[in-house]
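# Architecture at a glance
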Amino acid sequence: MIKILTSRSGRIYSVLGNRQLNSAYDPEKEAIRFLDRQMGTKNPSTVILLGPALGYLNREIKKRLPEVKLISVFYSKLFYRYSGFYDDYYWYPGIGENLSSFFFRTIEETDLSDLMVIEWPPSAAALPEISHKANQTLQGVLEEYNGNLLTTSVFGKKWIKNTFFNFLFTGSFLAPEHVSFSKHNFSVPILVAASGVSLLKTLKLIESLKDNLFLIALPSSLRALLSEGLQPDLVITTDAGYYASYHLQVLKGKANIPVAMPFSAARGIWRTENPVFLLSQSTFFEETIIKTSGLEALRLPANGTVSGTALEFSLAISENPIILAGLDLCWDDIVSHISPNSFELLLREREYKTAPAYTKMFERALSFAPYRENLNSPDSDKIIRLSRTLRTYAEWFCRKSLTLPAGRVFRLEPSAVQLEGIKNITGDELFSMCRRNGGFKKPELHNDIRQNSPPLSVRRDVSLKILSFWLDRLEAVSGKIERDNSLDTFTSDPLVMSILYYIELSMFLKLKKSFTIDLARNLIERARSFLETLLTKIETI
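Please read these numbers as outputs of a predicted model, since none were measured by experiment.

## A closer look at the overall build of the protein chain
Each helix and strand in the protein chain was counted, giving 21 helices and 21 strands. Relative to a compact globule of 541 residues, whose C-alpha radius of gyration would be 24 Å, the protein chain shows 27 Å and is just as compact. Judged by the C-alpha coordinates and their principal axes, the protein chain covers about 80 × 65 × 60 Å. Across the 541 residues of the protein chain, 54% fall into the buried class. Accessible surface for the protein chain amounts to roughly 25,000 Å². Of this, 50% is attributable to carbon and sulfur atoms. Taking the average location of the 64 positive side-chain charges in the protein chain and that of its 58 negative ones, the two points are 2 Å from each other.

So, in structure tokens, the structure goes:
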């Protein structure tokens, strides 16, 4: 039980059991001295405060940094009531929002460049379980955001280039308003085939049930499915890089398999002539082209993994059960995917006498899945490998499961990585589930109505117009920076902020943390150079 008492200085202090959470002499001075040690001369733009007891830390932080974004996690509602309400955002147990959702709602990716996390040690010692939960949850959120930032820094420019070139060279799309699946008439379970090694155990079962379920393939599982004569009803792709397009090369000659993808996905699907179902992850460049050209797209939340997008897609089109197969979220020792797969073929093509494919697989495992674990099971000699990225994906699926009704999403023959909230099912249970839906005809997307893109000449003109407009906005901001010498010039123009974020993320974050006129000039010049080069390429089409 928490007790609120009066200190010698006249300020209140708190006690939990036999632990004092504040000084019984002068809790205010205690908080000041603590922040002197923790913050020093640092001037963060965002502070996450874990376990503030009675608001002394909150008040002092706001006094020192009036413009700071203060996010506080109280370990008791009582502490919040006595805090004085200095926080921009706050959470306490029982507030009606889980802690993970709170962090994702209040922390932005760009906050990470100038963020400080402070925990009040007496609260951590007195309430260790809540402290552990808060720190673990925050670590997961920050790791996911760091992964997003790394992905954006690597692929930001490519996403923009892909968006324009996929728009230019894709002549028609399946029209979302006409596709034959909808929540009203979609009557079979959906099975999403990821490419984990466990998928191998389920291929025969899936083949026997192919008429009773809607099979969605991720690109890396395509070769394995097709090698067993299993033709998916749909492929979903979102990755922007070379390997994603390499996976899809196996679709050549199979033009009746539709592909759902955003414009930002890897280029080249037009070469396989597969019908495209257009997705949007609501980035500014995708939305600008979609709206300007009058196209329709199914809007889904952006996701770090295509398996997450596949789940969001399945939830959007159907109210029937969704089964995740091959979603291992780990390596089987040095084996990352079911065989055959595109990575395996590439390694075989590039092996030579002193660097055989097996050696390359081992080196790749050390690099991409460095955490090695022995399973605590009867099969104890089995080894799996994990990475921070795979752990982040697993955490996302666990969080997503909290938002879903029971009996909606299942995992078939799962790996050693458990997903809390998603029920595991056996092959027999899947068989029963599909047979209950016998007699229903599953949709055939490739026969659906198409929405035509404008002619190529019009698509080219639209692209040039958009790029010219972006360049004009950069030029206008550049002039204002020279006049005002202020970061406010950026923050007052959301479009320019978005352009700079995706084109030069690392420099953008440096500028947000510490504005200088030279850095601002350099940032805008790099963005301008990228857009002008892209515009010149499109002019030649």
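What follows picks up the thread again.
## Describing the packing of aromatic side chains
Counted under the stated rule, the structure contains 24 aromatic pairs. With 5.1 Å between their ring centres and 90° between their planes, Phe-285 and Tyr-502 make a pair best called edge-to-face. One end of the pair, Phe-285, is in helix H11 (residues 284–293); the other, Tyr-502, is in helix H19 (residues 494–503), and 217 residues separate them in sequence. The exposure class assigned to Phe-285 is buried, which follows from its relative accessible area of 1%. Ring geometry for Tyr-501 and Phe-508: centres 6.0 Å apart, planes at 90°, overall edge-to-face. For Tyr-501, a relative accessible area of 11% puts it in the buried group. By the ring-pair criterion, three or more aromatic residues cluster together here, those being Phe-155, Trp-159, Phe-164, Phe-284, Phe-285, Trp-470, Tyr-501, Tyr-502 and Phe-508.

## Section: the nonpolar core
Ranked by internal contacts, the top residues of the largest apolar core, which has 125 residues, are Phe-103, Leu-191 and Trp-470. With twelve residues, the single largest contributor to this core is helix H6 (residues 128–169). Discounting chain neighbours no more than four positions away, the residues touching Phe-103 are Ile-48, Leu-50, Val-73, Ala-134, Thr-137, Leu-138, Val-141 and Tyr-145. In this structure, Leu-174, Ile-216, Val-409 and Ile-422 belong to the second largest nonpolar core, which totals 35 residues.

## So, the sheet that holds strand S2 (residues 12–16)
The strands that make up a sheet are held in pairs by hydrogen bonds between backbone atoms, and each pair lies either parallel or antiparallel. If you walk across this open sheet you meet the three strands as S1-S2-S3, and the pairing is antiparallel. Edge strands, defined here as strands with exactly one partner in the open sheet, are strand S1 (2–6) and strand S3 (19–20). As paired elements, S1 and S2 share five bridges and run antiparallel to each other. Looking at the pairing, Ile-4 lines up with Ser-14 of S2.

## Concerning the side chain of Ser-131
Note that Ser-131 resides in helix H6. Dropping the residues within four chain positions of it, Ser-131 is found in contact with Tyr-75, Glu-119 and Ala-124.

## Some remarks on the environment of Ile-541
Along the chain, the position of Ile-541 falls in the segment after helix H21 (517–539). Given a relative accessible area of 31%, Ile-541 falls into the partly exposed group. For the pair Ile-541 and Arg-460, spaced 81 residues apart in sequence, the C-alpha separation works out to 7.5 Å. Beyond its immediate sequence surroundings of up to four residues, Ile-541 is in contact with Phe-165, Leu-168, Phe-169, Leu-456 and Arg-460.

## Some points on unusual backbone geometry
Cis geometry is found at the peptide bond from Ser-339 to Pro-340, where omega equals 0°. Residue Asp-333 is not a glycine yet carries a positive backbone phi of 55°. Relative to the helices and strands, Asp-333 is located in the loop between strand S16 (331–332) and helix H13 (342–350).

## Considering the packing of helix H17 (residues 456–484) against H19
For the pair H17 and H19, interaxial distance at closest approach is 10 Å and the crossing angle is 105°. Here H17 lies roughly perpendicular to H19, going by the angle between them. Counting all contacts with H17, which are made through Phe-469, Trp-470, Arg-473, Leu-474 and Val-477, the residues of H19 involved are Leu-495, Val-496, Ile-499 and Leu-500. Residues belonging to the contact of H17 with H19 are distributed by class as follows: eight nonpolar, no polar and one charged.

Criteria and thresholds
- Position numbers for residues start from 1 in each chain and track the written sequence from start to end.
- Owing to the predicted nature of the model, reporting of local features is limited to residues with pLDDT of at least 70; listing and counting of side-chain atom pairs is limited to 80 or more, with chain, interface and lining totals taken over all residues.
- The basis for the side-chain values is all heavy atoms of the structure; hydrogens and waters are excluded.
- Secondary structure follows DSSP: runs of H or I at least 4 residues long count as helices, runs of E at least 2 residues long count as strands, and numbering of each begins at the N terminus.
- Radius of gyration: over C-alpha atoms. The globule rule applied is 2.2 Å multiplied by the number of residues raised to the 0.38 power.
- Partly exposed describes any residue whose relative accessible area lies between the buried limit of under 20% and the exposed limit of over 50%, with all areas from a 1.4 Å probe on protein chains only and scaled to the type maximum.
- To be clear on the numbers: accessible area is Shrake-Rupley with a 1.4 Å probe, and residue cover counts the displayed protein chains and nothing else.
- His is not counted, nor are the chain ends; Lys and Arg add positive charge and Asp and Glu add negative charge.
- Just so you know, the charge point we use is NZ for Lys, CZ for Arg, CG for Asp and CD for Glu.
- Aromatic rings from Phe, Tyr and Trp, with only the six-membered ring used for Trp, were paired whenever their centres fell within 6.5 Å, and each pair was classed as stacked if the ring planes differed by under 30 degrees, edge-to-face if by over 60, and tilted otherwise.
- Residues belong to one nonpolar core when they are buried, are Ala, Val, Leu, Ile, Met, Phe, Trp, Tyr or Cys, and are joined through side-chain atoms within 4.5 Å.
- Only heavy atoms enter the contact rule, under which two residues are in contact if any of them lie within 4.5 Å.
- By the convention used here, strands pair only if DSSP detects at least 2 bridges between them.
- Throughout, an axis means a line fitted to C-alpha atoms (over the contacting stretch in the case of helices), and angles, computed between N-to-C directions, take values from 0 to 180 degrees.
- An angle below 35 degrees is read as roughly parallel, one above 145 as roughly antiparallel, one from 65 to 115 as roughly perpendicular, and any other as oblique.
- Under this grouping Gly is polar, as are all residues other than the nonpolar Ala, Val, Leu, Ile, Met, Phe, Trp, Tyr, Cys and Pro and the charged Asp, Glu, Lys and Arg.

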